[in-house]
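# Working through the structure, step by step
Residue strings, one per chain:
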Amino acid sequence: MTTQNNGIPLDLDEVIFAAEDPAGPPAAPVPGWKLLIADDDEEVHSLTRLVLSGFTFEGRSLSFVSAYSGRETVEKLREHPDTALVLLDVVMESDDAGLQAVRQIREQLCNRFVRIILRTGQPGQAPEQEVVSSYDINDYKAKTELTAQKLFTAVTAALRAYRDVRTIERHRVGFELISRLSGRLFEHADPVGFRRGALRNFAEIVGAGGVEGGVSGFSTVRIDRQCLILEGVGAYAGLQGRRIADVCDEEVRRRLRASEAGEADVFADGWYAGLFATAHEAFGYVYLESPAALPDLARSLVRSYAANVRVALQNLHLNLEVVETQREMIHTLGEVVESRSQETANHVKRVARHSYRLALLAGLGEERAQLLQMAAPLHDVGKIAIPDAVLNKPGRLTDEERSLMMTHAELGHQILAGSSREVFQTAALVALQHHEKWDGTGYPRGLRGEEIDVFGRIVGLVDVFDALSHERAYKPAFPLEKCVEILQQDSGRHFDPRLVGLFLANLDEFVADQGAPAALAVPEPAPEELLAV
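These remarks concern the structure in this document. (Residues numbered from 1 in each chain as written. Predicted model: local features only at pLDDT ≥ 70, side-chain atom pairs only at ≥ 80, totals over all residues. Heavy atoms only, no water.)

## So, the overall build of the chain
Let me state the cut-off plainly: Helix numbering and strand numbering both begin at the N terminus, where a helix is a DSSP run of H or I of at least 4 residues and a strand a DSSP run of E of at least 2. Using a 1.4 Å probe on the protein chains alone, a residue whose accessible area is under 20% of its type maximum counts as buried, one over 50% counts as exposed, and one in between counts as partly exposed. We call two residues in contact when some of their heavy atoms are within 4.5 Å. Residue burial considers only the protein chains on display, and all accessible areas are found by Shrake-Rupley using a 1.4 Å probe.
Along its length, the chain carries 19 helices and 13 strands. By the burial criterion, 47% of the 533 residues in the chain qualify as buried. Sequence separation of at least 24 residues holds for 65% of the intrachain contacts in the chain that already meet a minimum separation of 6. Carbon together with sulfur atoms contributes 51% to the accessible area of the chain, which is approximately 25,300 Å² in total.

Here you go:
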């Protein structure tokens, strides 16, 4: 039996109906492919829905949306950007309403994914060759040629193309995300921040891979032979610091152990377990759960990102090892200088710690504070060129000896400035400027106020405080009250007054970090010229 309406031949024998399920109501349906019918004739909408009522593609049926003008077509697509296919009439409120809608869909909405099949009952008004050349459409059909079977074929081809374009786009977006997030991995300078960021990135990548409904998971760290949750998301949020054995059932623990047994990345229908370890650190895991099976794309993205995480983790530990080696070398060199001048070897370590703390209080930020902590132990490296007789003289220096002693600032700068490493460039600066004074009476260059770099001002202050509060060859240790009095007297003369204020406001922290009692009574302070030279 065949009928025809508005130029659309319809063979009812070709209509495909969904088979009834005698076993009872079906499970919750998968969201259908959205198909927008854009035509100013209501009967075209009804017939199209009838013909395609039982249509399925890859297990998904169609979800119909209707528009009756070119303007409404654009608005419907704005509301439903995930529409897969538009069956678009050319002539609606105007002779070219459909064509204008195509331009707006592609150019204004920037929707390059929706497949557009142009349908016209008057091909003469929109010649196929001209339309296909000028407009970004995917198919052109005269209504007279669209039998039910041909409509079925056209819709199937369009949905297949939409699926493939969307798959390509998801891959593109996914791998761009991996590239961007992998770059961020190298911004972390500590393993804890690295692991926390990596977990959040894993969850984001799983979402980009097509998993809907939210992702739960955690990353772990091993401390004192205990496997602890470092960061949690979803159902595991707020469990930081808890033992895996206390918060995870045996099944989750079995999944984690599976990543130890063979492949480092283990996938199952709704979960992923990854083992991350280096030769320098106890192992840790990343575990993710999703409400649905992980699609192939999600697995591919996670596997690629996990490989990048392992490379970045290895690089992080290598960098930390280099930094730690530098730190030990700098401390050793600083201690050699201090031990030669018969001062406590811990002086350079205290100056480094105090400089770091004061830099943070001064608002320099963690990165610059750590840089200063690394460089500060070399502030007196120039003393290595000062003769023992002058360096360890117990009494007052002569003018000639004092002039010789003062050369250690320039000498230290010369020793260190030849390196291109930032830490040694910073150490050179500190060595040169830590004896400059706020009022311009310091040495070697007589810098004044903020002409002195803040690093030099910080080390100059904490170096004097440590010299005052500890015994030296030329003086005993001063009581804490006397140290504070001297700092207050010299605020705005020797020292930056702002730094003195910050130091004294947090004095308890600095005293607690001294590592030795600060108050050993002496009758009178030594002359200022003997302090921290």
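## Focus: a nonpolar patch on the surface
As a reminder of what qualifies: Patches here are clusters of residues that have more than 30% relative accessible area and form no salt bridge, with a 9 Å joining cutoff for like charges and a 5 Å cutoff for nonpolar side chains (Val, Leu, Ile, Met, Phe, Trp, Tyr). Note on definitions: salt bridges are taken to be side-chain nitrogens of Lys or Arg within 4 Å of carboxyl oxygens of Asp or Glu.
A cluster of nonpolar side chains, namely Leu333, Ile384 and Ile415, defines an oily patch on the protein surface of about 240 Å² accessible area. Examined against the element boundaries, Ile415 turns out to sit in helix H14 (residues 408–417).

## Describing a negative patch on the surface
Heads up, the rule is: Neither His nor the chain ends contribute to the count of charged residues, in which Lys and Arg are positive and Asp and Glu negative. All charge positions are set by atom: Lys at NZ, Arg at CZ, Asp at CG, Glu at CD.
A cluster of acidic residues, Asp40, Glu93, Asp95 and Asp96, forms a negative patch at the surface. By relative accessible area, which is 41% here, Asp40 ends up partly exposed.

## Overview of the pairing of strand E8 (residues 139–142)
The test is simple: Pairing between two strands requires that DSSP report at least two bridges joining them.
Here E8 shows a clear split, with Tyr140 and Ala142 buried on one side and none of Asp139 and Lys141 buried on the other. Pairing between strand E7 (residues 115–120) and E8: 4 bridges, direction parallel. When the sheet's bridge partners are listed, Leu118 is paired in E8 with Tyr140.

## Re the pattern of salt bridges
Enumeration over the complete set of coordinates arrives at 21 salt bridges. For Glu75, the salt bridge identified is with Arg78, shortest N-O distance 3.5 Å. Here Glu75 pairs with Arg78, and both are found in helix H2 (residues 70–79), just 3 residues apart, close to one helical turn. Residue Arg78 is classed as partly exposed on the basis of its relative accessible area of 46%.

## Brief notes about the packing of aromatic side chains
We count it as follows: Each Phe, Tyr or Trp ring (for Trp, its six-membered ring) is paired with any other whose centre lies within 6.5 Å, and the angle between the two planes then decides the class: stacked below 30 degrees, edge-to-face above 60, tilted in between. The criterion is that NZ of a Lys, or CZ of an Arg, lies within 6 Å of the ring centre and within 35 degrees of the ring normal, and then a charge sits over that ring.
According to the stated counting rule, one finds 9 aromatic pairs in the structure shown. Look at Phe55 and Phe152: their rings are 5.2 Å apart centre to centre, the planes differ by 70°, and that puts the pair in the edge-to-face class. Remark: Phe152 occurs in helix H5 (residues 148–185) and Phe55 occurs in the loop between helix H1 (42–51) and strand E4 (56–57); sequence separation between them is 97 residues. By relative accessible area, Phe55 is classed as buried at 3%. With a centroid separation of 4.8 Å and an interplanar angle of 65°, the aromatic rings of Phe465 and Phe503 are classed as edge-to-face. Within this pair, whereas Phe465 is found in helix H16 (residues 454–469), its partner Phe503 is found in helix H18 (residues 497–505), the two being separated by 38 residues in sequence. Within the aromatic cluster, the residues linked to one another by ring pairs are Trp33, Phe57 and Tyr162. Here Arg166 stacks its cationic end above the ring of Phe113, 4.1 Å away from the centre of that ring. The ring centre of Phe510 lies 5.8 Å from the NZ or CZ of Arg357, which sits over that ring.

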